[in-house]
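Fold and geometry: a report
In case you want the letters, here they are:
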Amino acid sequence: MSDIHLTLKIWRQEGPDAPGRLQTYASGPISTDMSFLEMLDVLNERLTGEGEEPVAFDHDCREGICGMCGAVVNGHPHGPEKETTLCQLHMRHFKDGDTLVIEPFRARAFRIEKDLVVDRSGLDKMITAGGFVSVNTGGAPDANAIPIPQKNAEEAMDAAACIGCGACVAACPNASAMLFVAAKVSHLSLLPQGHPERARRALDMVREMDELGFGNCSNERECEAACPKGISIRNIARLNREFLKAAILSDED
Amino acid sequence: MILDSKVPGGPLAEKWDRHRFACKLINPANKRKFDIIVVGAGLAGASASASLAELGYNVKTFCLQDSPRRGHSIAAQGGINAAKNYQNDGDSIFRLFYDTIKGGDFRAREANVYRLAQVSNNIIDQCVAQGVPFAREYGGQLANRSFGGAQVSRTFYARGQTGQQLLLGAYSALMRQVKKGKVEMLSRREMLDVVVIDGQARGIVTRNMLSGAIETHAAHAVVLATGGYGNVYFLSTNAMGSNVTAAWRAYKRGACFANPCFVQIHPTCIPVHGTYQSKLTLMSESLRNDGRVLVPKNPGDRRPPAEIPENERDYYLENKYPSFGNLVPRDVASRNAKEQCDQGKGVGSTGLAVYLDFSEAINRDGSGVITQKYGNLFHMYEKITAANPMHEPMMIFPAVHYTMGGLWVDYNLMSTIPGLFVLGEANFSDHGANRLGASALMQGLADGYFVIPYTIGNYLATISSSPQDASHQAFKQVADEAAAKIGKLLDIKGKKTVDEIHRELGLLMWDSCGMARNEAGLQQALAKIPAIREEFWQNVAIPGSGLELNQSLERAGRVADFLEFAELMVIDALSRKESCGCHFREESQTEENEAKRDDENYAHVSVWEYNGDNNSPEFHKEPLTFENVQPSQRSYK
Ligand SMILES: Cc1cc2nc3c(=O)[nH]c(=O)nc-3n(C[C@H](O)[C@H](O)[C@H](O)COP(=O)(O)OP(=O)(O)OC[C@H]3O[C@@H](n4cnc5c(N)ncnc54)[C@H](O)[C@@H]3O)c2cc1C
Ligand code: SF4
Ligand code: FES
């Protein structure tokens, strides 16, 4: 355990319509065992003590699973560590004297609410458009009635592991949400329960993504590199196949 | 007040069926005349919202996070129980019921627990139909594991992310109803109070966490699914936002609180490492299936684990409990870890940790198998501690994890305020004095998918379906009170941060009302809590205003409630002079230092009724009778 000192340049913005700016703070001594968010806590405790407003940032589980946290650190959504959410990023990955530029996830579809807090409700809206299996509570057949090959279940789980954090959108030069949509479409199209609605789901989710102002995918692969859950870009290929098949075969659209 | 548990008559196995038949129905055309508020979108709230909306009710759902997909339930790792008996290893509904009642140390209601075991199977069917990708065998059948003190394999899981997958399933069902216009989803809304008119719950008051606006919402019934209060200890495995506010406000409006001192301390968490620490991370107890818990035999032995020879290692759980070994229930495992550390045999820099060693399992099954089983947990451990459990034992220590206590509810899950229902961890109903692993997810989903859809109709059928709105004077009054409290908090402009005071409360509760409790310690806590509360109201610092996103203010409101609630926990712990489950009163132990129950005097639920800020709460008892199981001293030897 040792302490490091950092220079923090943090995006401060009072509200959605207020102008924002990078403000510089000296971190004070930071234990390398701290998580990134604990480092921000320490700064916030100090600011509060000085009567200043602390930096607003979203977080809840602090275990890398709820998808609530996230900021861009030196240009990397969730910071420089591979497959790591901001809350699971630990300060031992930084060096004494480093300067960290900390900004919110930026995208046309993500409005900044305050400081590092953004509005990601577009992600919910895409799920609402079709990211579900239409089954009511009650009357489901026995859970073992339809065997599912282990490989399919595992692949579905790989895609279902998406935490809906929006880092892929923030990383994409076009602010596309393709990886997020692809993860959900893949998860459900790999399972027999998702089959009946697969065509419709792909069409509806992609249409909603376009309408919400997310950009198009131009194969930059930045999303995959930023994703804290290792969601593979192969899912986008699968989404494209699902989408094409649906668009050709669909008589609804 | 007379507490009527409304447990139906008849044999145990028929009670739920009989009750469902006896429940009044609301015809489909009338359901759309009823509005229901659901506070919370964890497993219990999301499943309830979706199921009620499917039935045709108009549902308004609230949560703290920016999306209902993020509720604390998402962090559950290990799995969910069901009595499917797919493994043919002797499981049955009765066995799941029995294990749960016994695990809870005979302090839960038989009928509720039996119902839970009954519907457990429907939950798995429902989740699979939604597309929850549970782990499977090569042949395509669902996989199971044994978990947390069970001797059968009845736990279903999705890697180490079971809660996430179950919640995403419930969330998808919820969003489907949002699309249909049957659920209005209000995220980033904090419920600050419940509105009771003519003795019935009629709505809530919320704060819009972005604009700060105080809003009122009216309905025919209110469902609270707001989770547990483990964060009263400051450090716990709960999400940062978990709180007691909704439940506490309901308590102050007349909903009785049951067994508030029943708190589960989980044995396998990453030890505390610094004062800046903001939360504790659970390492799923499925690790105890293959990991062996140990400390050095000699107090003060500071050698690295690899240098401690086999004959100087004390596998204390295996030695003390030959038949359950490392799989003893959580309370037993936690207390034993504390006992070893109290004897100076704790490890790590603080001496407040024990080892969990996988080397035997790695030698037996190969590192591939162990990685497949626990890879993501090991990875998480390494991220936090920079140590890899494949090469050296993990260090673990108990941490506050789950609260069995909660608002009192009857068999219909209705609180003592008519029209106010409570689901999931927020109620007290099923786990007695100790919850078994993988049964909270089961309970949350049982309550939401399979119980409330029936029982709420039984209540709604007794009230008028005329439209509700928030024009009644009571709404304005409660909203004014909520706004006044916020104003008061902002006016303090003191010197201490909310976290500083919260940490102080947490430490006091951990020391005196944590893993072991005694009369003197509890009395001291009772004297100290009001002083901390006083300091808070005199000296807390909350920058910013109320009419904006203000996270210090949000935390302050929750800590203000914890500071009142903590006192009730201590009062409850004092009044229960027996040990049972997680409630270990040092005065009441067997010769072997195990928890000693006193069935003659304490076979009851302790139920507390609010009696004004300056008076002690009124105590009520719900006696517990056991007709189908014989309460026995738990033994895991
Ligand atoms: C790390 C961890 C691992 C666990 N693993 C397991 C496991 O493997 N198996 C198992 O069975 N159990 C497990 N548990 C326990 C289980 O996860 C919880 O008990 C359960 O998920 C609680 O669900 P819930 O729906 O009752 O509440 P929560 O999931 O806590 O949801 C509460 C909801 O209420 C909302 N809310 C709270 N207060 C307010 C308010 N004032 N206003 C508006 N909204 C509010 C929140 O936003 C949230 O949506 C685990 C718990 C933890 C901490
Ligand atoms: S795909 Fe990855 S980066 Fe995108 S929302 Fe999901 S978890 Fe986050
Ligand atoms: S706070 Fe939940 S993922 Fe980071």
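Residues numbered from 1 in each chain as written. Chains lettered and ligands numbered in written order. Predicted model: local features only at pLDDT ≥ 70, side-chain atom pairs only at ≥ 80, totals over all residues. Heavy atoms only, no water.

Details of the domain arrangement of chain B
All names here are of chain B. For chain B, the assigned domains are domain 1 (32-265 + 402-460) and domain 2 (266-401). The C-alpha centroid of domain 2 is placed 30 Å from the C-alpha centroid of domain 1. Summed over both sides, the interface of domain 1 with domain 2 buries roughly 2300 Å², with 54% coming from carbon and sulfur. If you sort the residues of domain 1 by the area they bury against domain 2, Q77, T237 and I265 come out on top, with a joint share of 29%. In this assembly, domain 1 and domain 2 are joined by zero salt bridges. Where domain 1 meets domain 2, there are 12 residue pairs in polar contact (both at pLDDT 80 or more). No other element matches strand 11 (residues 263-269), which puts three residues into the side of domain 1 that touches domain 2. (Domains from an automatic or database assignment. Buried area = accessible area lost by both parts, 1.4 Å probe. Salt bridge = Lys/Arg side-chain N within 4 Å of Asp/Glu carboxyl O. Polar contact = N/O pair within 3.5 Å; in protein donor to acceptor, adjacent residues only side chain to side chain. Helix = DSSP H or I, 4+ residues; strand = E, 2+ residues; numbered from the N terminus.)

As for unusual backbone geometry
Residues and elements named next belong to chain B. In this structure, N88 is a non-glycine residue whose phi angle is positive, near 60 degrees. In this structure, N88 sits in the loop between strand 3 (80-81) and helix 4 (93-103). For N88, a relative accessible area of 67% translates into the label exposed. Even without being a glycine, N259 presents a positive backbone phi close to 45 degrees. (Buried < 20%, exposed > 50% of the residue type's maximum accessible area, 1.4 Å probe, protein only.)

Comments concerning the site of ligand 1
All names here are of chain B. Neighbouring ligand 1 are 37 residues, the closest being Q65, S73, G78, M191 and E425. Here M191 contributes a backbone N or O atom positioned 2.7 Å from a nitrogen atom of ligand 1. Within the contact set of ligand 1, an oxygen atom lies 3.4 Å away from a backbone nitrogen or oxygen of A225. The fraction of the free accessible surface of ligand 1 (1000 Å²) that becomes covered by protein chains is 98%. Going through the elements one at a time, helix 3 (43-55), strand 6 (189-197), strand 15 (394-403) and helix 12 (440-460) are the ones with two or more residues in the shell around ligand 1. A per-element tally of the shell around ligand 1 places strand 6 first, with three residues. (Near = heavy atom within 4 Å. Areas by Shrake-Rupley, 256 points an atom, 1.4 Å probe, with all protein chains shown as cover.)

Some details on the interface of chain B and chain A
Tallying the contact residues gives 74 residues for chain B and 73 residues for chain A. Summing both sides of the interface, chain B and chain A together bury roughly 6300 Å²; the carbon and sulfur share of this comes to 49%. It is R70, Y276 and K383 of chain B in chain B that bury the most area against chain A; as a group they hold 11% of the surface buried on that side. Here chain B and chain A share eight salt bridges between them. When the shortest N-O distance is used, the salt bridge between E154 of chain A and R159 of chain B registers 2.9 Å. Here chain B is connected to chain A by 49 residue pairs in polar contact (both at pLDDT 80 or more). Of all elements in the fold, only helix 3, helix 5 (110-130), helix 6 (162-179), helix 11 (367-385), helix 12, helix 14 (498-512) and helix 16 (551-575) of chain B reach the threshold of two or more residues within the side of chain B that touches chain A. (Contact = heavy atoms within 4.5 Å.)

Structural notes on the nonpolar core
By size, the foremost hydrophobic cluster in this structure holds 231 residues, and its most contacted members are F36 of chain A together with I80, F134, I456, L460 and F536 of chain B. Residues Y321, C341, A387 and I396 of chain B belong to the second largest nonpolar core, which totals 31 residues. (Core = buried A, V, L, I, M, F, W, Y, C linked by side-chain atoms within 4.5 Å.)

Points about helix 16 of chain B
All names here are of chain B. For helix 16, built from 25 residues, the straight-helix expectation of 36 Å at 1.5 Å per residue is met to within 8% by its first-to-last C-alpha distance of 36 Å. At E564, helix 16 shows its maximal kink, close to 25 degrees. Of all 25 residues in helix 16, 21 are buried, a share of seventy percent or more. (Expected span 1.5 Å × (residues − 1). Bend = angle between axes of the 7 residues up to and from the residue.)

Quick notes on the pattern of salt bridges
Residues and elements named next belong to chain A. Within this structure, the stated rule accounts for 70 salt bridges over all chains. In this structure, E50 engages R46 in a salt bridge whose closest nitrogen and oxygen atoms are separated by 3.8 Å. Note on E50: relative accessible area 52%, which makes it exposed. Take R46: its relative accessible area is 32%, and that puts it in the partly exposed class. Here E103 makes a salt bridge to R106, at a shortest N to O gap of 3.2 Å. Looking at E103, the relative accessible area reads 22%, which means it is partly exposed.

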